[in-house]
Every structure is written in structure tokens, then in C-alpha cells.
Amino acid sequence: MNRNEARRRLAALRAEVERHRRLYYQELAPEIEDSEYDALERELADLEAAYPELVADLSPTARVGDDRDERFPAAPHARPMLSLQNSYDLAEVRSFDQRVRRELGAQAGVVYTVEPKMDGVAIAVRYRDGALAAALTRGDGLRGDVVTRNVATIATVSARLPRGWRGQFPAPVDACEARGEVYLARSRFAELNAEREAAGLEPFANPRNATAGTLKTLDPGEVGRRGLSVVFYQLFPLTDGDRWTEAGDLPSHRAELQALAALGLPVNPLLETAQDADELAGCLARLESRRHDLDYQIDGAVIKVDSAAQQQRLGWTAKAPRWGLAYKFAAEEATTRLRAITLQVGRTGVITPVAELEPVALAGTTVSRATLHNWEELERKDIRPGDRVVVAKGGDIIPKVLRSLPEARDGTQRPLPMPKRCPVCGQKAARREGEVALRCLNPTCPAVLAGRLRHFAGRQAGNVEGLGERWIDLFLAKGWVESPADLFRLERGALAALPGWGERSADNLMQAIAATPRRPWANKIFALGIPQVGIATATTLAREYASIDALARATADELSGLADIGPLVAEAITTWFADASVRAFLADLRSVGFFLAREEQPAARPVAPGDDPIAGRTFVLTGTLAGLTRDEARAAIEERGGKVAGSVSKRTDVLVAGEKPGSKQAKAAALGITIWDETTLRRHLGTPESAGDR
Ligand code: IVH
């Protein structure tokens with residue numbers, strides 16, 4: 001590789017790493033396995049080491065990921081909350097041991113601890129004068145999001161430490177901080193997903209994802225219901241205004257764990273010690289073999305130098321301690337038969353080959369489908385229908401086919417040629433220059449149209465409830481709609497005449513569609529389906545650009561100056577807006593009133609006379625209602641196209657306050673949110689006082 005190639009590869013890798021970090025930490029929707037991400041980050045680090053002069057500014061390899069979310073207040077950490085150096089094989093563990101010994105001096109004995117690496121979300125919990133004072137996520141390592149109320153719902157996070165807690169520390173202290181990992185037990189995760197599926201909600205991809213989403217939920221009541229767990233692995237004292245001093249630390253990692261247990265905080269009992277690399281290897285193998293018997297997910301083991309004095313001598317880099325090492329377990333694999341390769345056409349026209357597998361047990365679930373990504377990958381890996389294949393599911397996201405076993409072929413397996421036509425509409429399919437993806441080039445392909453409509457109606461986009469896949473396909477087949485703007489032109493009479501519909505369903509759907517222009521601007525940007533723009537990027541764009549015209553005029557340079565937007569995403573956005581068919585799409589949406597002259601960030605909207613008082617609005621119920629139960633009120637509101645949320649936020653439209661309303665009313669009043677009493681709610685719902693009396 002010459003310098004120019006290295007420069008290009010560095011830029012591409014860096015953009016990829018940034019993108020996957022955003023998907024993982026911000027959007028909570030990772031697209032690749034952790035092991036694949038680790039490989040990308042590693043390639044980037046190796047290339048940076050080979051060409052240090054090409055590393056201009058702060059690379060992601062020198063920073064921890066950033067989970068901050070502007071809906072929560074941020075606060076500084078008492079000391080940086082770092083990550084760990086990863087390793088993937090015993091050779092790397094041996095060289096870690098050698099480095100540690102070299103740096104500590106040949107004579108010194110070393111005791112290592114080995115413990116599970118929990119696959120959850122890092123948390124810092126501060127106690128002041130023995131009382132729970134704050135809980136922070138890692139954030140960018142220096143500042144974290146304050147999620148105290150959510151963490152306080154975890155049963156084992158006690159509100160007060162036992163009397164005499166100060167006695168656990170060698171010197172006088174005012175406060176202390178426990179750090180650890182919040183997670184969702186596998187058993188609880190399975191229950192939760194079953195409940196979600198029964199309620200028609202999207203299941204969580206994996207326990208880690210569910211944990212991250214739950215910690216960033218605005219309603220602590222809901223957090224409590226989800227049933228998070230925690231284990232702690234670090235404890236240090238704080239003095240004078242929550243300052244940390246190295247001198248006050250406990251003498252060893254094991255001492256910290258003992259003190260945590262004495263304070264009544266949960267620690268992981270699976271702890272072993274090792275004196276050299278061979279013993280380390282034994283500990284790692286034992287832990288890996290127990291991996292599946294545990295009711296929580298672990299993605300490896302953490303090796304630490306036990307002695308605090310030795311830790312101090314080894315020190316830290318900006319990203320990780322030099323006295324610790326994460327040993328990542330290999331992704332789990334299983335072998336099965338590839339029955340067929342089917343083709344899926346997405347909303348951007350990309351044709352993805354999908355593996356239809358003989359069902360096989362993998363990491364606790366049964367897998368029967370897996371993504372094959374694209375044709376290039378299919379050819380490179382020489383995967384053929386009928387092959388025996390190895391599938392993996394490291395992070396429990398989408399299982400993937402790792403490789404085929406050509407030695408198991410009987411001669412009947414033939415490579416699948418790249419299709420020349422779209423499997424759905426039969427029109428020409430091709431690759432664009434510089435792209436690996438095969439696309440259907442027909443802009444009116446039903447699969448593409450359906451995909452766009454589904455995206456537009458989605459919960460984080462237009463949130464058009466009642467417009468499921470089934471109805472989208474039907475409306476397309478009837479020729480009623482082709483694009484999102486057509487939804488606004490649906491006819492009430494035609495909808496009402498559909499089998500099983502009637503006027504009420506027709507009205508509900510039309511109201512839900514008519515409410516989309518009032519969605520928060522960020523969700524509307526997301527609804528447009530701009531390539532590479534997820535909800536987090538859409539939120540950034542919404543903050544910077546107050547109208548669709550302003551956004552359409554943005555240059556790639558301007559965009560890539562924004563937080564979280566790299567050159568590739570910036571380019572994707574400007575290319576999209578430059579396309580003539582996109583202009584027509586936007587003009588069409590404008591003509592049906594989807595855009596407002598000046599889009600505002602979400603804020604409380606007063607209920608204006610003449611507007612539908614229920615449909616499209618978000619309600620919060622509080623206090624005791626006299627004539628109907630909360631569940632009845634919720635059902636009535638939802639039936640009319642309104643939404644009921646658990647806690648008051650800027651997005652709340654109306655607070656319905658019964659008897660003894662409590663703090664929600666005060667908060668709503670402070671935010672200027674409309675407050676109704678029960679009588680007003682009944683009037684708007686059209687249920688007279690007597691009708692619902694119990
Ligand atoms: S010790 C200075 N111990 O893994 C960092 N971390 O990949 C000290 N993790 O940020 C961390 N289990 O969130 C430690 N037993 C364990 C862990 C653990 C999971 C997480 C932690 C850390 C990340 C690094």
C-alpha cells in the first residue's frame with residue numbers, strides 16, 4: 001500500500017468506525033457484529049501506527065464511544081471513565097503479561113484477576129454521605145448523562161449505604177463512587193420481548209440493546225418495570241466536592257470488590273486469580289466454557305493487575321488503563337445447510353441476498369435466516385445454494401453466514417449468478433459505479449415503494465398508526481398510492497368501504513396521516529428516508545436547519561462540520577437533494593402541506609380551537625380519575641388517535657389531571673403544557689359524565 005492508498009483507506013475506515021459507533025451508541029441499532037466492528041477498529045489502529053503522519057486530528061481509536069443523548073442533563077465524571085484494550089487470542093494475552101512484567105521490573109510478582117466481561121452498559125453511581133446522589137452513563141468518558149432516577153429503580157442499587165460505610169476506606173471520605181455494568185438478565189430479556197411482541201411492539205435485538213434503550217427511557221416507572229440488574233467492579237472514595245485522589249484508593253481490585261460487597265452492592269462472584277500467562281489461559285478457558293450457563297451475556301473476560309500500587313505504576317492511556325486487558329471470546333458458530341438464497345428488495349432498491357437455512361440452534365435461539373449482505377461477498381466466500389455453511393451470531397443481532405464448506409459438496413451445488421432483473425418488478429438491476437450493492441433501477445418498483453411507505457409511516461418517522469405492511473401493500477396494489485404524499489390524497493369513502501374497515505377506521509387513518517406535518521421536525525426529516533440519515537443524524541439536522549429549503553441548500557462542507565456527520569454522510573445527503581426525482585418527491589410533499597414554513601424543534605403545542613383535540617396529540621394521565629379507570633381513559637384516547645405517554649416532557653401536548661395530581665402537574669405547568677380536568681377530557685372524547693360511572 002502506498003501513501004495515497006493508505007490515506008484513502010484511513011479516511012474510509014475512519015468514516016466506517018464513526019458510523020458504526022453512532023449506530024451502536026446513539027441509535028442503538030448496530031448493523032454489524034461486535035467482532036466485525038472490533039476488526040475494523042483494529043485495522044484502523046494498525047494503519048495509523050504505520051502512518052502516524054497521516055493522522056491529523058483526534059481519531060476514534062484514541063477516544064471512547066459516546067452515548068450522550070441530549071434529552072438527559074450531562075455532568076462531569078469524578079475521573080475519566082475509560083474503555084479497555086481488547087485482545088482476541090492467547091498470544092496477545094501473553095504479550096500483555098510480558099509488557100506488564102517488563103514495566104514493573106523483572107523481580108516483581110504479579111497477581112492478576114480474571115472476571116466476566118459483562119455485555120451491558122457502563123454506569124457510575126455516586127453516594128454522598130451514604131445516600132445515592134447521582135448515576136451517570138459513560139458518555140464520552142469525561143461527561144456522562146445523568147440517569148439517576150432510572151438507576152434508582154434497580155432493586156439492588158440501594159438508596160442508602162449501610163451505617164459505617166466510611167469504615168471501608170483507609171482515609172476519611174465524604175462520598176464514594178461505585179462503577180459497574182447495568183444489564184438485563186437473559187431470562188428477563190426473553191420475557192420482555194415476549195410481552196413486546198404480544199403488544200405489537202418491535203422486540204429488542206439483544207439484551208445489551210434493551211439495556212441501553214431502557215437506561216435512556218424518560219419514564220422511570222417504565223424503567224422499573226423492565227427489571228434491569230447491575231454488578232459493580234470498581235469502588236473509590238471522593239473527598240472535598242467529589243474529587244478523586246489516587247492516594248485514597250483501596251489497595252487492590254479484590255479489596256474494592258470486598259468493600260463493594262460489604263456496602264451491600266452486587267458484585268460478580270465469578271472471580272479467579274492467576275500468577276502467570278499459563279494460569280491466565282486456564283482461567284479464560286474455564287470462563288468461556290461456563291459462558292452459556294450464565295443468565296447474563298458476557299462477551300469475554302477482563303484481566304486486571306490486582307495491586308493498586310502496581311496499577312498506578314503502569315498508568316493509563318487516554319482511552320484505557322495499561323493494567324487491564326479485555327479478552328474477547330470468539331463469535332459463536334454452528335453448521336447447517338443453506339437451503340436457498342432468496343432476494344430482498346429494500347426501500348432504496350438495494351437487492352440483498354438472504355440465506356434460507358435449515359433451522360439450527362445457535363447461542364440459545366433457532367436460526368433459519370441470515371443475511372448474505374451483497375453479491376461481492378457471496379462470490380468472495382463462494383457460497384452456493386445447497387452448501388453446508390457455518391453461521392455465527394456473536395452479538396445476537398442478525399446472524400450471518402461466515403463461510404461455506406466446499407469439501408461437503410456433492411457436485412450439485414452451483415454458484416447463483418447475479419440477477420440481471422429485480423425479483424419483484426422484473427426490471428433491470430445493476431450496480432452503480434463504485435458501489436458493491438446491486439440495485440433495482442426502477443423507481444416505481446412495488447418493493448421500493450412499499451419500503452418507502454413503511455419507512456414514512458414508521459414510529460420514529462411519521463408515526464402513522466394503523467398503516468401496517470398489509471394495508472400498504474393493498475393500497476399499492478389498488479393503485480391508490482405510490483409515494484408518501486399520496487397518503488394525504490386517500491379517499492375516506494374508499495377506505496371505509498374496504499372489508500373490515502368502516503368509517504371509524506377510515507377516519508382514524510386519515511387523522512393519523514393528517515397529523516404527520518405536526519410531528520417534530522427531526523422525525524419528519526427522518527421520515528424522508530434520506531440515505532445514511534438515521535434518527536440521530538436527523539436530530540442534528542433539525543437543530544441546524546429550520547426548514548426543508550434551508551436543508552436542501554446545505555453544502556457537503558457545511559454538513560460535515562456538524563457533530564456526528566462525516567464526509568460520506570454529508571455527501572449522501574447532498575447527492576440525494578440534487579436528484580431531480582427527489583425534488584419532485586419533495587415538491588409533492590410540499591403540495592399536500594407536509595412542510596411548515598419554519599419547522600420548530602419539538603415544543604408544547606397549545607390545543608387550538610378547530611383542531612382535533614385528541615388525534616395526533618400526546619397525553620399524560622395523572623392523579624385519580626373519578627368516572628373511569630386510567631386504562632379506560634388510555635384506551636379511549638388511543639382509539640381516537642391520541643397517544644398516552646408515561647411522563648411529562650416537552651413533547652407532551654395535554655396533561656389530564658385527576659384528584660391528587662402530584663409532581664406531574666407542577667412539571668406540566670412549568671413547561672406551559674395544556675392541562676385538562678376529567679370533565680374536559682370527557683367532553684373532548686364525547687363521553688358524558690354518567691356514561692362511564694362505576
Ligand atoms: S473494568 C477503566 N470490568 O467493558 C475501565 N469493565 O470494553 C475499567 N466491562 O468500559 C473497566 N465488564 O463498561 C471492567 N468486569 C469488568 C467489565 C467491564 C464489562 C465493560 C466496561 C468497560 C468496557 C470496556
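Right, let's walk through the structure included here. None of the values given here were measured: they were computed from a predicted structure. Residue positions are given per chain, counted from 1 along the sequence in the order it is written. Predicted model: local features are reported for residues with pLDDT of at least 70 only, side-chain atom pairs are reported and counted for 80 or more only, and whole-chain, interface and lining totals are derived from all residues. The basis for every side-chain value is the complete set of heavy atoms in the structure, and neither hydrogens nor water enter the calculation.

1. A closer look at helix 2 (residues 34-50)
Turn by turn, an α-helix covers 3.6 residues, leaving residues three or four places apart pointing in a common direction. Put simply, the rule is: A run of H or I in DSSP becomes a helix once it reaches four residues, and a run of E becomes a strand once it reaches two; helices and strands are each numbered from the N terminus. What a helix is expected to span follows from its residue count: subtract one and scale by 1.5 Å. For every residue, the accessible area obtained with a 1.4 Å probe (protein chains only) is divided by the maximum for its type, and the residue is called buried under 20%, exposed over 50%, and partly exposed between those limits.
For helix 2, which comprises 17 residues, the first-to-last C-alpha distance of 24 Å matches the rise-based estimate of 24 Å (1.5 Å per residue) to within 8%. Those residues of helix 2 lying buried are Asp34, Tyr37, Asp38, Leu40, Glu41, Leu44, Leu47 and Glu48.

2. As for the packing of aromatic side chains
Note the following rule: Pairing of aromatic side chains here covers Phe, Tyr and the six-membered ring of Trp, requires ring centres within 6.5 Å, and sorts the geometry by plane angle: under 30 degrees stacked, over 60 edge-to-face, intermediate tilted. Working rule: Lys NZ or Arg CZ, within 6 Å of ring centre, within 35 degrees of ring normal, means a charge sits over the ring.
Counting across every chain of the model gives 16 aromatic pairs. Ring plane angle 80° and centroid distance 5.0 Å describe the contact between Trp576 and Phe577, whose orientation is recorded as edge-to-face. Grouping residues by exposure puts Trp576 and Phe577 together as buried. Ring pairs connect the aromatic residues Phe456, Phe488, Phe594 and Phe595, which therefore count as one cluster. The ring of Phe204 carries the charged tip of Arg196 above its face, separated from the ring centre by 4.1 Å. Taking NZ or CZ as reference, Lys524 lies 4.9 Å from the ring centre of Phe594, over its face.

3. Some details on the nonpolar core
Worth spelling out the cut-off: Among buried residues, the Ala, Val, Leu, Ile, Met, Phe, Trp, Tyr and Cys ones that are joined through side-chain atoms within 4.5 Å form a nonpolar core.
By size, the foremost hydrophobic cluster in this structure holds 53 residues, and its most contacted members are Leu467, Phe475, Leu509, Leu528, Leu541, Leu559 and Leu586. Within the second largest apolar cluster, 36 residues are counted, among which are Val157, Val182, Phe189 and Leu215.

4. Examining the site of the ligand
To keep it simple, the criterion reads: We call a residue near a molecule or strand when any one of its heavy atoms sits within 4 Å of it. Polar contact is defined as a pair of N or O atoms within 3.5 Å, subject to the rule that within protein one atom must be able to donate a hydrogen and the other to accept it, and that residues adjacent in sequence are counted only when both atoms are side-chain atoms. Using a 1.4 Å probe, accessible areas were evaluated by the Shrake-Rupley method; residue-level cover was limited to the displayed protein chains.
Around the ligand lies a shell of 14 residues, among which Glu115, Lys117, Met118, Glu181 and Tyr233 are the nearest. At a separation of 3.2 Å, an oxygen atom of the ligand approaches a polar backbone atom of Leu82. Pro116 is positioned with one of its backbone polar atoms (N or O) 3.1 Å from a nitrogen atom of the ligand. Protein chains shield 90% of the accessible area of the ligand, which is 520 Å² for the free molecule. Elements with a contribution of two residues or more to the shell around the ligand: strand 3 (112-118) and strand 10 (298-305). Ranked by residue count, the leading element in the shell around the ligand is strand 3, at four residues.

5. Regarding empty space enclosed by the protein
Cut-off, in case you're wondering: As defined here, a cavity is a set of points on a 1 Å grid over the protein atoms alone where a 1.4 Å probe fits but cannot get out. A pocket is an open set with protein on both sides within 12 Å along at least five of seven lines, and residues line them when an atom is within 4 Å of a point. Grid points are joined across faces, edges and corners, and a volume is the space filled by probe spheres set on the points. Side-chain classes follow a simple rule in which Ala, Val, Leu, Ile, Met, Phe, Trp, Tyr, Cys and Pro form the nonpolar group, Asp, Glu, Lys and Arg form the charged group, and the remainder, Gly included, forms the polar group.
Evaluation of the coordinates by the stated rule reveals two cavities of 30 Å³ or more. Considered as a void within the structure, the second largest cavity measures approximately 40 Å³ in volume. Grouping the amino acids of the lining of the second largest cavity by side-chain chemistry returns five nonpolar, two polar and one charged.

6. A look at the packing of helix 1 (residues 3-26) against helix 2
How we decide: Interaxial angle, 0 to 180 degrees, is taken between N-to-C directions of lines fitted to C-alpha atoms, where a helix line uses only the stretch in contact. Each crossing gets its hand from how the near helix is turned against the far one by less than a right angle, where anticlockwise is left-handed and clockwise is right-handed. Here, residues are in contact when the closest pair of their heavy atoms is within 4.5 Å.
One can describe the packing of helix 1 onto helix 2 by two numbers: an axis separation of 10 Å at closest approach and a directional angle of 145°. Helix 1 and helix 2 meet at a crossing whose hand is left-handed. Of helix 2, the residues touching helix 1 (which contributes Ala6, Arg9, Leu10, Leu13, Arg14, Glu16, Val17, His20, Arg21 and Tyr24) are Asp34, Tyr37, Leu40, Glu41, Glu43, Leu44, Leu47 and Glu48. Considered class by class, the residues forming the contact of helix 1 with helix 2 number nine nonpolar, one polar and eight charged.

7. Quick look at the environment of Pro385
Looking at where Pro385 falls in the secondary structure, it is placed in the loop between helix 11 (375-380) and strand 15 (388-392). In the structure, Pro385 is positioned 27 residues away from Glu358 in sequence and 12 Å away in space, judged by C-alpha atoms.

8. Looking at the pairing of strand 15
Spelled out, the test is: At least two DSSP bridges between two strands are needed for those strands to be called paired.
The element strand 15 is largely enclosed, with a buried count of four among its five residues. Sheet topology note: the strand 12 (residues 333-345)/strand 15 ladder contains five bridges and is antiparallel. Bridge pairing in strand 15 places Thr336 opposite Val389. Both strand 15 and strand 16 (residues 400-404) contribute to a ladder of four bridges, which runs antiparallel. Bridging across to strand 16, Val391 finds its partner in Val401.

9. Points about the packing of helix 12 (residues 446-457) against helix 13 (residues 469-477)
Where we set the bar: With respect to orientation, any angle under 35 degrees is reported as roughly parallel, any angle over 145 as roughly antiparallel, any angle of 65 to 115 as roughly perpendicular, and every other angle as oblique.
The interhelical angle for the contact between helix 12 and helix 13, taken along N-to-C directions, is 135°, at an axis separation of 10 Å. With respect to each other, helix 12 and helix 13 are oriented oblique. Handedness of the helix 12/helix 13 crossing: right-handed. Residue-level inspection shows Pro446, Leu449, Ala450, Leu453 and Arg454 of helix 12 in contact with helix 13, the latter providing Glu469, Ile472, Asp473 and Leu476. Of the residues in the contact of helix 12 with helix 13, the class split is six nonpolar, no polar and three charged.

10. Quick look at helix 12
Between its first and last C-alpha atoms helix 12 spans 16 Å; for 12 residues at 1.5 Å apiece the expected length is 16 Å, and the two agree. Of all 12 residues making up helix 12, nine are buried, and the element is well covered by its neighbours. Turning to helix 12, the residues buried within the fold contact strand 12, helix 13, helix 14 (484-487) and helix 17 (521-527).

11. Overview of the sheet that holds strand 22 (residues 674-676)
What the four strands build is an open sheet, ordered 20-19-21-22; its pairing is parallel. Edge positions in the sheet fall to strand 20 (643-645) and strand 22, since each has one partner strand and no second. Each adjacent strand pair in this sheet contributes to an overall mean axis angle of 35°, direction not counted. Sitting on the sheet, helix 24 (residues 663-670) touches strand 19 (618-622), strand 21 (654-657) and strand 22, and the angle it makes with strand 21 is about 150°. Strands strand 21 and strand 22 of the sheet are contacted by helix 25 (residues 678-685), whose axis makes an angle of about 90° with strand 22.

12. A closer look at the environment of Asp382
Note that Asp382 resides in the loop between helix 11 and strand 15. Judged by relative accessible area, Asp382 falls into the partly exposed class, the value being 27%. Separated by 24 residues in the primary sequence, Asp382 and Pro406 have C-alpha atoms spaced 8.4 Å apart. When sequence neighbours within four positions are dropped, the list of residues in contact with Asp382 reads Asp387, Ser404 and Arg409.

13. Quick word on a positive patch on the surface
Applicable threshold: Excluding any residue in a salt bridge, patches collect residues exceeding 30% relative accessible area, merging like charges within 9 Å and nonpolar Val, Leu, Ile, Met, Phe, Trp and Tyr side chains within 5 Å. Any Lys or Arg side-chain nitrogen located within 4 Å of an Asp or Glu carboxyl oxygen qualifies as a salt bridge. Charged residues are defined narrowly, with Lys and Arg counted positive, Asp and Glu counted negative, and His plus the chain ends left uncounted. The atoms used to mark charge sites are NZ of Lys, CZ of Arg, CG of Asp and CD of Glu.
A contiguous patch of positive charge, built from Arg459, Lys643, Lys650 and Arg651, is present on the exposed surface. By secondary structure assignment, the location of Arg651 is in the loop between strand 20 and strand 21.

14. As for the sheet that holds strand 9 (residues 272-274)
One open sheet holds the five strands; their spatial order is 2-11-10-3-9, and the pairing between them is mixed. One side of each edge strand has no neighbouring strand; the edge strands of this open sheet are strand 2 (86-87) and strand 9. With three bridges connecting them, strand 3 and strand 9 associate as antiparallel partners. Residue pairing for strand 9: Tyr112 is matched across the bridge by Ala274.

15. Description of unusual backbone geometry
Phi angles above zero are rare outside glycine, and His373 is one such case at about 65°. Inspection of the secondary structure assignment puts His373 in the loop between strand 14 (365-371) and helix 11. If you check the backbone angles, Gln532 has positive phi at about 75° while not being a glycine. One can find Gln532 in the loop between helix 17 and helix 18 (535-544). Classification of Gln532 by relative accessible area gives partly exposed; the value is 38%.

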